Amino acid sequence: MSRIGRRTRLALGLVTAGVTGAGLLLGPAAPAQAAARQVNWDVIAKCESGGRWHINTGNGHYGGLQFSRSTWKSNGGAKYAPTADRAAKAEQIAIAEKLYRKRGLSPWPTCGKKPGVYKKTSSAKKPSGKTYVVRSGDTLASIARKFKIKGGWRTLYAHNRDRISSPGLIFVGQRIRL
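Each chain has its residues counted from 1, following the order in which its sequence is written. A pLDDT threshold of at least 70 governs which residues receive local features in this predicted model, and a stricter bar of 80 or more applies before side-chain atom pairs are shown or counted, although totals over entire chains, interfaces and linings include all residues. The side-chain figures draw on all heavy atoms in the structure; neither hydrogens nor water molecules are used.

**Some points on the overall build of the chain**
Under the scheme used here, helices are H or I runs from DSSP no shorter than 4 residues and strands are E runs no shorter than 2 residues, and both carry numbers assigned from the N terminus. Of regular secondary structure, the chain possesses seven helices and four strands. Seen in sequence order, the chain has helices and strands lined up from the N terminus as α-α-α-β-β-α-α-β-α-α-β. Think of it in three bands: residues with accessible area under 20% of the maximum for their type are buried, residues over 50% are exposed, and the middle band is partly exposed, with areas taken using a 1.4 Å probe on protein chains only. Residues classed as buried in the chain amount to 31% of the 178 residues present. Residue contacts follow a heavy-atom distance rule, with two residues in contact if any of their heavy atoms lie within 4.5 Å. Within the chain, residue pairs in contact and separated by at least 24 positions form 52% of the contacts whose partners lie at least 6 positions apart. Per element, the accessible surface of the chain, about 11400 Å² overall, is 54% carbon and sulfur. Residue-level accessible areas treat just the shown protein chains as cover; the underlying method is Shrake-Rupley with a 1.4 Å probe.

Written out as structure tokens, the structure reads:
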């Protein structure tokens with residue numbers, strides 16, 4: 001056991017548990033906002049690698065989204081290929097989505113700011129006028145599948161932003177627009 005004092009252990013416990021107190025927010029807000037937006041990975045790949053998904057220039061970054069070997073592996077990419085350039089485009093995007101949920105677009109500090117990085121949701125189908133009452137075990141994704149909502153859970157979330165604070169947080173009995 002380390003020799004840190006009780007107050008220090010208590011403070012560290014509060015920080016690691018996510019308690020920030022007094023409205024102070026620790027860490028970047030990007031990952032929390034990330035779930036609500038869909039990234040156009042082709043725009044980032046065009047900026048990072050000229051849109052060449054299987055590129056390896058020898059600079060220590062691989063594939064269309066220019067993953068380092070360590071970032072690729074730490075986010076589960078090794079289950080597809082040893083480096084991103086050897087993985088399929090869809091596999092690279094799957095790992096990018098995982099990383100995006102954790103860190104937002106911060107791994108792509110320049111290319112993540114390019115116009116068109118976020119897909120427009122305005123073309124999503126308008127709400128049907130029907131509603132659904134959330135049942136135990138429901139998720140936005142399962143409801144979207146059940147009612148064949150084009151755009152899936154993202155569309156449901158867009159239609160219900162005034163009712164749902166987070167796409168992963170819905171409640172039994174809550175009424176959502178379809």
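Okay, back to it.
**Section: unusual backbone geometry**
Its identity as a non-glycine residue notwithstanding, Gln66 has a phi of 55°, on the positive side. Mapping Gln66 onto the fold places it in the loop between strand S1 (61–62) and strand S2 (67–68). Gln66 sits in the buried class, given a relative accessible area of 15%. The backbone of Lys148 sits at a positive phi, close to 50°, despite the residue not being glycine. Looking at where Lys148 falls in the secondary structure, it is placed in the loop between helix H6 (140–146) and helix H7 (152–159). Of the residues examined, Lys148 reaches a relative accessible area of 75% and is grouped as exposed.

**Brief notes about the state of the cysteines**
Cysteine sulfur atoms that come within 2.5 Å of each other are treated as a disulfide pair. Going through the model one piece at a time under the given rule, you end up with one disulfide. Here Cys47 connects covalently by a disulfide to Cys111, the sulfurs 1.9 Å from one another. Residues Cys47 and Cys111 are joined through a disulfide that is left-handed, its torsion about the S-S bond being -70°. You can see Cys47 sitting in helix H3 (residues 41–49) and its partner Cys111 sitting in the loop between helix H5 (89–103) and strand S3 (131–133), a full 64 residues away along the chain. Residue classification places Cys47 among the partly exposed residues on the basis of a relative accessible area of 30%.

**Here we look at the pattern of salt bridges**
Pairing between side chains of opposite charge can happen when the charged atoms of each approach one another. In what follows, salt bridge is the name for a side-chain nitrogen of Lys or Arg lying within 4 Å of a carboxyl oxygen of Asp or Glu. Under the counting rule described, the total for this entry stands at two salt bridges. Between Lys89 and Asp42 there is a salt bridge, and its shortest N-O distance comes to 2.9 Å. Here Asp42 lies in helix H3 and Lys89 lies in helix H5, a separation of 47 residues in the sequence. Between Arg177 and Asp162 there is a salt bridge whose closest N-O contact spans 2.9 Å. Remark: Asp162 occurs in the loop between H7 and strand S4 (175–177) and Arg177 occurs in strand S4; sequence separation between them is 15 residues. Taking the relative accessible area as the measure of exposure, Asp162 reaches 57% and is therefore exposed.

**Quick word on the confidence of the model for the chain**
The pLDDT averaged across the chain works out to 81; a share of 77% of its residues lies at or above 70. You can read pLDDT as the predictor saying how much it trusts each residue, on a scale of 0 to 100. Note on residues 1–35: pLDDT under 50 across the span, and 17 contacts to partners over four residues away in sequence or across chains.

**Side note on the packing of aromatic side chains**
When the centres of two rings from Phe, Tyr and Trp lie within 6.5 Å, Trp using its six-membered ring, the rings pair. Their planes under 30 degrees apart give stacked, over 60 give edge-to-face, and anything left gives tilted. Applying the stated criterion to the full structure yields five aromatic pairs. Between the aromatic rings of Trp41 and Trp108, the centroid separation amounts to 5.1 Å while the plane-to-plane angle is 65°, which identifies the pairing as edge-to-face. Of this pair, Trp41 sits in helix H3 while Trp108 sits in the loop between H5 and S3, and the two are 67 residues apart along the sequence. Neither Trp41 nor Trp108 differs from the other in exposure class; each is buried. Consider the rings of Phe67 and Trp108, whose centres lie 6.4 Å apart with planes at 80°: the pair is edge-to-face.

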